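# Structural overview
Spelled out, the chains give:
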Amino acid sequence: MQELFIECAGCGWREPYQKPRPACPECGGEWLDARYDYEKVRLKWDAELARKPFTMWRYRELLPLRDDVNLITMGEGGTPLYPATNLCMMLGRPHIYIKDERQGPTGSFKDRQASLAISAMKENGITEAVLASTGNVAISYSAYSAHAGIKLWAFLTSAVPAEKMREVALYGSEVIKVTGTYDQTKQVAADFARRKGLYQDRGIRSIAVRESMKTLAFEMAEQFGRILGPVSDAPWRAPDWYIQAVSGGMGPAGVWKGFEELLNMGLITHMPKLACAQVEGCAPMVRSFRAGLEKAEPVLNPQTLITTIATGQPGPAYPFLRRVIIENGGTFEMVSDEEAFRAMHVMAKMDGISMEPAAAVAFAALFKMVAQGIVKPDDVVVVNCSGHTFPVEKFLLGDDWARSVEVAAKAQAAPLPQEEGLLASLERLDQRVQRITIIEDNPEAVRLLRRVLQAHGEYQIDEAYDGKAGLEMVRQAPPDLILLDLMMPKLDGFGLLDALKADERLKEVPVIVVTARELTAHERKRLSGRVRALWQKGSFLSTDLLEDIEAVLG
Ligand SMILES: Cc1ncc(COP(=O)(O)O)c(C=O)c1O
Ligand SMILES: [Zn+2]
C-alpha cells in the first residue's frame with residue numbers, strides 16, 4: 001500500500017488519501033496536491049523501474065490510486081523522445097526534442113489524464129459522468145470510459161471539428177453540441193450534471209488529472225539521462241525548456257510538479273523553464289502575464305480557428321504557472337493562427353511530423369523564442385507534440401450521433417441566460433425511459449453488461465449483486481427487463497425466478513438469463529417458458545444481446 005496524503009497548497013492542511021475532495025475543509029482552497037513518501041519511493045525505484053515496461057504506470061508509486069484492481073490502462077505514456085533533426089539545423093539549436101504524444105492510444109497527451117482520471121472514477125464507484133471538452137479530452141475519456149464501463153456525457157462546443165465529435169460518438173459517449181463558447185459549454189455541462197445528480201469531471205481541479213501529467217516529466221528525465229547522459233551525481237536529467245500549448249494549463253502545471261518531485265529525490269539537478277503558448281485570438285494567460293495581473297482576465301469571445309485551446313477563462317493554473325515562471329524563468333508566448341498553421345507545414349514537410357493545430361501553436365512559439373534569443377544555442381528544448389484525430393468513417397454512425405443545445409444566438413459572457421428553453425432542452429437530453437435491472441454477482445460481468453447497455457441503448461440501469469438484493473430492488477421499482485445471472489449468493493437465479501412468478505406485480509417482467517453455467521436438462525426445464533432468452537457468457541457480442549433486448553422491449 002502506498003503512503004499517500006493530500007495537502008492544501010493554500011494552508012498546508014493534510015490528510016491520508018481516502019477519496020478525492022472537492023476543496024480543502026480548512027480554507028476552501030481548490031488546489032489540493034498529492035504527497036508521497038519520497039524517500040521510500042527513491043529506495044524502491046531502481047529495482048521497480050528495472051522490471052517495469054515503459055508506460056506511464058511504471059511510475060505507479062507516485063500516482064494516486066489506492067488499488068491496482070481499478071487501473072484502466074491501454075499502454076498510455078512511454079512515448080518517444082527524439083530530436084527534430086532538420087528543425088535543429090534550420091534554427092541553429094542542436095537540442096530541440098519532440099515528446100511524441102501523438103503515439104498515445106487516442107493520439108494526444110490527454111490519454112495520460114484519461115487513464116488516471118477514469119481509474120479514479122472506477123475506484124470511487126462512478127458509472128456515469130459528465131465532461132465538457134474542446135475535443136481531445138472527450139475523445140480520450142470516451143475511449144477509456146468504454147474500457148471501464150462508464151457512461152460519458154460529452155459536452156462539446158459546436159466549433160469542435162466534426163471529425164473529433166464523430167470519434168467521441170464512435171466510442172459510445174453521448175455527444176452534446178453546444179452553440180456557445182467553451183466556457184458556456186462548461187456551464188451547460190455543470191447544470192446538466194447538477195440536475196441529473198451526476199459526477200462531473202473537475203479538470204485541472206482534480207488531483208488525478210494533474211498527477212497524470214507528472215509522468216511526462218518522469219519519462220523525459222529518464223529518457224534524457226540515457227540520451228544525453230547524467231549530470232554530476234544525478235542519474236536522470238531535466239531539459240532546459242519545456243514548451244506546450246495551453247488552455248487550462250494542466251499540462252505544464254503537472255509537468256512542473258513531476259520535475260519538483262524528481263529534484264526532491266535527487267534524480268535531477270535542475271528544474272526546466274516552462275513556456276506556455278496560446279493563440280492571439282484567445283491568449284488570456286499571455287496577456288494577463290504581460291499586464292502583470294495576478295489573476296487572469298478572461299477572454300469572452302475567443303477568435304481563433306484553433307478550438308482545441310480556445311479556453312477564455314483559464315482557471316486556477318494561471319496563478320500557479322505565473323509564480324513558477326516569475327521565480328524560475330520561463331515565458332508566456334502567443335502566436336497568430338497563421339503562424340501556427342505555418343509551423344504545422346514546416347514540421348510536416350521538414351521533419352515528417354504531422355500534428356494538430358493546437359500542438360503547432362507550441363512550435364510557432366518556439367520559433368519566436370529562438371528569433372528573440374530567449375532560447376540559447378546550447379539549451380535542451382522539448383516540445384509537447386500532441387493530438388491527431390483519425391478520420392472516423394463517415395457512414396458508420398448514420399446521421400443521428402449528436403444532440404444539440406442552443407445557448408444563445410450570439411456567444412456572450414457568463415452568466416448564461418437561464419431561460420425556460422435551455423432548461424427544457426437540458427431536460428430533454430436524457431430520454432432514457434426504459435429501465436433494466438442487472439442481477440449478477442460478478443462485478444466484471446456487471447461492468448460488461450452495463451457497458452453493452454450504456455453504449456448502444458438509452459436505458460436506465462440498476463444493478464444488484466446478489467439475488468436477494470435484486471429481488472428487493474425490482475420489488476421497489478419494477479423494471480422493463482431483468483438481466484439475470486443464475487449462480488449467485490443468498491438467492492440464486494432459479495429462486496429469484498420463482499419469487500418473480502409468484503408476485504402479481506412482477507410476474508410479467510421479462511427476464512433474459514446470462515449465465516456462465518452449462519445447464520443440465522433439468523435446469524433447462526426449470527427455465528423453460530419463464531425466460532425470454534438464455535445467453536451463455538463468453539459466447540456473444542454486444543450487438544447479439546442488444547438485438548434480443550430490443551426485441552423484448554419492443
Ligand atoms: C493538443 C493539445 N494541446 C494543448 C492542450 C491544452 O491543454 P491544457 O489543459 O494542459 O492547457 C490541449 C487540450 O485539450 C490539447 O489537446
Ligand atoms: Zn487549505
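A short tour of the structure in this document, coming up. (Residues numbered from 1 in each chain as written. Chains lettered and ligands numbered in written order. Predicted model: local features only at pLDDT ≥ 70, side-chain atom pairs only at ≥ 80, totals over all residues. Heavy atoms only, no water.)

### Quick notes on the overall build of the chain
Assigned secondary structure in the chain consists of 18 helices and 19 strands. Against the globule reference of 24 Å for 554 residues, the chain gives a C-alpha radius of gyration of 26 Å, in line with a compact fold. By the burial criterion, 56% of the 554 residues in the chain qualify as buried. For the chain, the share of sequence-separated contacts (at least 6 apart) that also reach a separation of at least 24 residues comes to 71%. (Helix = DSSP H or I, 4+ residues; strand = E, 2+ residues; numbered from the N terminus. Rg over C-alpha atoms; globule rule 2.2 N^0.38 Å. Buried < 20%, exposed > 50% of the residue type's maximum accessible area, 1.4 Å probe, protein only. Contact = heavy atoms within 4.5 Å.)

### Side note on the sheet that holds strand S14 (residues 403–406)
The strand order across the open sheet built from 5 strands is S9-S6-S7-S8-S14, with neighbouring strands paired in parallel fashion. The two strands at the open ends of the sheet, each matched to only one other strand, are strand S9 (199–200) and S14. Where strand S7 (residues 151–157) lies against strand S8 (residues 174–179), 5 bridges are found, and the strand directions are parallel. Its bridge partner lying in S8, Phe155 is registered against Ile176. (Pairing = 2+ DSSP bridges.)

### Quick look at the packing of helix H8 (residues 250–264) against helix H10 (residues 317–328)
With their axes 10 Å apart at the nearest point, H8 and H10 run at an angle of 55 degrees to one another. In terms of axis orientation, H8 runs oblique to H10. Of the two elements, H8 crosses H10, and the hand of that crossing is left-handed. Contacts from Pro252, Ala253 and Trp256 in H8 reach Phe320, Leu321, Val324 and Asn328 in H10. Taken together, the residues of the contact of H8 with H10 sort by class into 6 nonpolar, 1 polar and no charged. (Axes fitted to C-alpha atoms, helices over the stretch in contact; angles between N-to-C directions. Parallel < 35°, antiparallel > 145°, perpendicular 65-115°, else oblique. Left-handed = near helix turned anticlockwise from the far one by under 90°. Nonpolar A, V, L, I, M, F, W, Y, C, P; charged D, E, K, R; others polar.)

### Points about the site of ligand 1
In the vicinity of ligand 1, 14 residues are found, and the nearest of them are Asn136, Ser247, Gly248, Gly249 and Gly251. Here Ser247 contributes a backbone N or O atom positioned 2.6 Å from an oxygen atom of ligand 1. Here the shell around ligand 1 is built from residues that sort into 6 nonpolar, 7 polar and 1 charged. (Near = heavy atom within 4 Å. Polar contact = N/O pair within 3.5 Å; in protein donor to acceptor, adjacent residues only side chain to side chain.)

### Observations concerning the coordination of the zinc ion (ligand 2)
Geometry reference: four tetrahedral donors at a metal, ideal angle 109.5 degrees. Six octahedral donors, ideal angles 90 or 180 degrees. Taken together, Cys8 (SG), Cys11 (SG), Cys24 (SG) and Cys27 (SG) make up the full set of protein donors to the zinc ion (ligand 2), lying 2.3 to 2.4 Å away. Metal-centred angles of 102 to 114 degrees between the 4 donor atoms at the zinc ion (ligand 2) mark the site as tetrahedral. If you list the donors of the zinc ion (ligand 2) from N- to C-terminus, the spacing comes out as C-x2-C-x12-C-x2-C. Since its relative accessible area comes to 4%, Cys24 is described here as buried. Assessed through its relative accessible area of 43%, Cys27 is described here as partly exposed. (Donors = N, O, S within 2.8 Å, 3.2 Å for Na, K, Ca; no water. Tetrahedral: all angles 85-135°; square planar, octahedral: opposite > 155°, others 65-115°.)

### Brief notes about the packing of helix H4 (residues 136–148) against helix H14 (residues 443–456)
For the pair H4 and H14, interaxial distance at closest approach is 8 Å and the crossing angle is 130 degrees. In terms of orientation, H4 lies oblique with respect to H14. On H14, the residues that touch Ser145, Ala146, His147 and Ala148 of H4 are Arg447, Arg450 and Arg451. Looking at the contact of H4 with H14 residue by residue, the class counts come to 2 nonpolar, 2 polar and 3 charged.

### Looking at the pattern of salt bridges
The final tally for this structure, using the stated rule, is 42 salt bridges. Here Arg35 ties to Asp33 by a salt bridge, and the two come within 3.7 Å at their closest N and O atoms. A relative accessible area of 23% means that Arg35 is categorised as partly exposed. According to the relative accessible area criterion, Asp33 is buried, its value standing at 10%. We note a salt bridge from Asp46 to Arg42, for which the minimum N-O separation is 3.4 Å. (Salt bridge = Lys/Arg side-chain N within 4 Å of Asp/Glu carboxyl O.)

### Side note on H8
Along its 15 residues, H8 runs 21 Å from first to last C-alpha, staying within 8% of the 21 Å computed at 1.5 Å per residue. The buried fraction of H8 is high, at 12 of 15 residues. Residues of H8 that are buried include every one of Met250, Gly251, Pro252, Ala253, Gly254, Val255, Trp256, Lys257, Gly258, Phe259, Glu261 and Leu262, and no others. Directly after H8, the chain includes Gly266, whose backbone phi takes a positive value near 75 degrees. (Expected span 1.5 Å × (residues − 1).)

### What to know about the state of the cysteines
Each disulfide consists of a covalent bond between the sulfur atoms of two cysteine residues. Enumeration according to the criterion identifies 0 disulfides in this entry. In this structure Cys282 is not part of a disulfide, and its nearest cysteine sulfur, from Cys276, lies 14 Å away. Looking at Cys282, the relative accessible area reads 0%, which means it is buried. Unpaired in terms of disulfides, Cys385 finds its nearest cysteine sulfur in Cys88, a separation of 14 Å. (Disulfide = S-S within 2.5 Å.)

### Observations concerning helix H5 (residues 162–170)
Owing to its 3.6 residues per turn, the α-helix aligns residues three or four sequence positions apart on the same side. Turning to H5, its buried residues are Lys164, Met165, Arg166, Glu167, Val168 and Ala169. In the core, the buried residues of H5 are packed alongside H4, S7 and S8. Remark: Gly172 follows H5 within two positions and exhibits a positive phi of approximately 90 degrees.

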